[in-house]
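One letter stands for each residue in the lines below.
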Amino acid sequence: MTANVSGFLDYAATARVTVEQALLQFTTMGSDCPPRLQEAMRYSLLAKSKRLRPLLVLMAAEACGSNEQEAMPAAVAVEMIHTYSLIHDDLPAMDDDDLRRGQPSSHKQFDEGMAILAGDGLLTLAFEVLSCSTLPPAAAARCCAALAQAAGPCGMVGGQVDDLADDKPETLEHLMHIHARKTGALFRVSLKMGGLVADATDEQLAALDTYGSCIGLAFQIVDDLLDVRGDEAALGKRTRKDDGHGKLTYPGMIGIEASESRAQSLVEQACAALTSFGGRAEHLTALARYVVERNR
Ligand code: GRG
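Residues numbered from 1 in each chain as written. Predicted model: local features only at pLDDT ≥ 70, side-chain atom pairs only at ≥ 80, totals over all residues. Heavy atoms only, no water.

With that out of the way, let us pick up empty space enclosed by the protein. Counted according to the given criterion, the structure contains one cavity of 30 Å³ or more. Taken as a whole, the largest cavity spans an internal volume of roughly 80 Å³. Lining the largest cavity are 13 residues, and of these Ser44, Ile87, Asp90, Arg100 and Ser106 sit closest to its centre. Of all the elements in the fold, those that place two or more residues in the lining of the largest cavity are helix 2 (35-45), helix 4 (68-89) and strand 2 (103-104). Residue contributions to the lining of the largest cavity peak at three residues, all from helix 4. (1 Å grid on protein atoms, 1.4 Å probe; cavity = no way out; pocket = protein on both sides within 12 Å on 5 of 7 lines; lining within 4 Å. Points joined across faces, edges and corners; volume = space filled by probe spheres on them. Helix = DSSP H or I, 4+ residues; strand = E, 2+ residues; numbered from the N terminus.)

Take a look at the structure:
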C-alpha cells in the first residue's frame, strides 16, 4: 500500500465515524414514522460501508475551502440515495442478492414490501435533509437539483434500466455509458455538492468533475476485477455473479491486465485534474489511489 493511502485510511476512519453519527441523527424520525420503517432504513444505512460518497463530499468541500459541518447534510443525503439504490438493486426483481454490506439484504431481513419502502423513505428523506439544512437557500437548491439529476432517469436510474436490458449492445462504449450513469453519476455529484457548499468557482467545479469521472470509472473497473477475484468475506456480498449472469464487464471485454492498467491510468488522470488545488486536495488524491488499491 502506498504511504499516502495509509494516511488517507486513518483520516477516512475518523471521518466515517462522524458521518455515521450524522446518519444516525438524521434518521431520528418523528412519531408518525412506524418504528419498523425507521429500523429498516437504519439497518441498511448504518451497515458496514466504505462511505466513499460522503467522504468525497467532505473532501471536495475541504479542497474548496469549506468545512465538515457545512458539508455534512450533503454527505448524508448522497449516502441515503446510495443506500436506497443498494436496497432496491438487491430485490428479487432486480439483481436478487441475499447479502449486502456483510449482512442479509433488506428484503431478507425484513420483507420485500418493507425493503421497497425503506428505499423510498431514504430517497425522499435525502432531499428533506438537504432542503432543510442550514445551507444558504441558493446552495441548497443547487445541491437538490444536482442530486436529483444524478440519481434520476438520466443518471443512476437510467443507467440501471439500460444495465437490466436483455438486448444491450455488447460494446465497451455502451458499457462505459451505463457505468457513467449507474455508478459514476453519484461520485460526480458528491464532488459537485462539496464544491457547491463551498461556493466553488466554475474552474474548481470543472476540475472536480474531471476527477470524479475518472475515479468513477476506475472504481467500476476495480469492482469488476474484485468480482472476478471473488473474496466474498472482504466484500460482504456475493462474487463471481457477473459471469453467471452474462453481464458486461471490463475484464470480460478487454481482459484482466488491460483492465488493471486502464484503472491505474484513470487514477493518474484523476490526480492530474487536481493540481490547481495544491495541498488542499491531498485527501482526494489519496482516495483516488485507494480506489485501485482497495480489496473491498
Ligand atoms: C435500483 C435505482 C437503482 C439503482 C441501482 C448503483 C446501483 C444502481 C446498483 C448497485 C449495484 C452494484 C453492486 C453496482 C456496482 C458498483 C457499486 C455501486 C457498488 C457499491 O458501492 P460501494 O462499494 O458500497 O461504495 P459501500 O457498501 O461500501 O457503500
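After that view of the structure, there is still more to cover.
On the surface, Asp96, Asp98, Asp111 and Glu112 cluster together into a negatively charged patch. Topologically, Glu112 is positioned in helix 6 (residues 112-131). (Patch = residues over 30% accessible without salt bridge, like charges linked within 9 Å, V, L, I, M, F, W, Y side chains within 5 Å. Areas by Shrake-Rupley, 256 points an atom, 1.4 Å probe, with all protein chains shown as cover. Salt bridge = Lys/Arg side-chain N within 4 Å of Asp/Glu carboxyl O. Lys, Arg positive; Asp, Glu negative; His and termini not counted. Charge placed at Lys NZ, Arg CZ, Asp CG, Glu CD.)

In this section: the layout of surface pockets. Its boundaries defined by the atoms lining it, the second largest pocket holds a volume of some 250 Å³. Around the second largest pocket, the lining residues are Ala146, Gln149, Ala150, Gly155, Ala185, Arg188, Val189, Lys192, Leu205, Ala206, Leu208 and Asp209. Those elements that place two or more of their residues in the lining of the second largest pocket are helix 7 (137-151), helix 9 (172-197) and helix 10 (202-229). Split into classes, the residues belonging to the lining of the second largest pocket amount to seven nonpolar, two polar and three charged. (Nonpolar A, V, L, I, M, F, W, Y, C, P; charged D, E, K, R; others polar.)

All chains considered together, the criterion is met by 12 salt bridges. Of the charged contacts, one joins Glu39 and Arg36 as a salt bridge, the two residues approaching to 3.5 Å between their closest N and O atoms. Of the two residues, Glu39 and Arg36 both sit in helix 2, three residues apart, roughly one turn of that helix. For Arg36, a relative accessible area of 43% gives the class partly exposed. For Arg181, the salt bridge goes to Asp162, with nearest N and O atoms at 2.9 Å. Of this pair, Arg181 sits in helix 9 while Asp162 is found in helix 8 (residues 156-164), placing the two residues 19 residues apart along the sequence. Given a relative accessible area of 12%, Arg181 falls into the buried group. Judged by relative accessible area, which is 26%, Asp162 ranks as partly exposed. Beyond isolated ion pairs, a larger network of salt bridges with shared partners links Glu20, Arg51, Glu79 and Arg101. (Buried < 20%, exposed > 50% of the residue type's maximum accessible area, 1.4 Å probe, protein only.)

Lining the immediate environment of the ligand, one finds 20 residues, of which Ser49, Lys50, Arg53, His82 and Arg101 sit closest. Side-chain polar atom of Arg53 to an oxygen atom of the ligand: 2.8 Å apart, as the coordinates give it. Among the elements of the structure, helix 4, helix 8, helix 9 and helix 10 are those that each provide at least two residues to the shell around the ligand. Take the shell around the ligand: its biggest share by element is six residues, from helix 4. (Near = heavy atom within 4 Å. Polar contact = N/O pair within 3.5 Å; in protein donor to acceptor, adjacent residues only side chain to side chain.)

One can describe the packing of helix 7 onto helix 9 by two numbers: an axis separation of 9 Å at closest approach and a directional angle of 175°. One element, helix 7, and the other, helix 9, form an angle in the roughly antiparallel class. Contacts between helix 7 and helix 9 involve Ala139, Arg142, Cys143, Ala146, Leu147, Ala150 and Ala151 on the former and, on the latter, Ala185, Leu186, Val189, Lys192, Met193, Leu196 and Val197. Partitioned by chemical class, the residues of the contact of helix 7 with helix 9 number 12 nonpolar, no polar and two charged. (Axes fitted to C-alpha atoms, helices over the stretch in contact; angles between N-to-C directions. Parallel < 35°, antiparallel > 145°, perpendicular 65-115°, else oblique. Contact = heavy atoms within 4.5 Å.)

Right, let's get into the packing of aromatic side chains. Summed over all chains, the structure comprises four aromatic pairs. Judged by centre distance (6.4 Å) and plane angle (40°), the rings of Phe8 and Tyr11 are tilted. Note that Phe8 and Tyr11 are positioned in helix 1 (residues 3-26) at a spacing of three residues, about one turn of the helix. Centre to centre, the rings of Phe8 and Tyr290 are 5.7 Å apart; their planes meet at 45°, and the pair counts as tilted. Highlighted residues: Phe8 in helix 1 and Tyr290 in helix 15 (residues 282-293), separated in sequence by 282 residues. Across the pair, exposure class does not vary: Phe8 and Tyr290 are buried alike. The structure contains a cluster of three or more aromatic residues connected by ring pairs, namely Phe8, Tyr11 and Tyr290. (Phe/Tyr/Trp six-rings, centres within 6.5 Å; stacked < 30°, edge-to-face > 60°.)

Within the secondary structure, Ser133 is located in the loop between helix 6 and helix 7. Within polar-contact distance, the side chain of Ser133 engages the backbone nitrogen of Leu135 at 3.3 Å. Setting aside residues up to four positions removed in sequence, Ser133 forms contacts with Pro73 and Ala140.

Backbone geometry places Arg101, a non-glycine residue, at a positive phi of 50°. Structurally, the position occupied by Arg101 is in the loop between strand 1 (99-100) and strand 2. With phi around 55°, Asp199 is a residue other than glycine that occupies positive phi space. Tracing the backbone shows Asp199 in the loop between helix 9 and helix 10.

It is worth stressing that arrangement in space is one thing and function is another; only the former is reported here.
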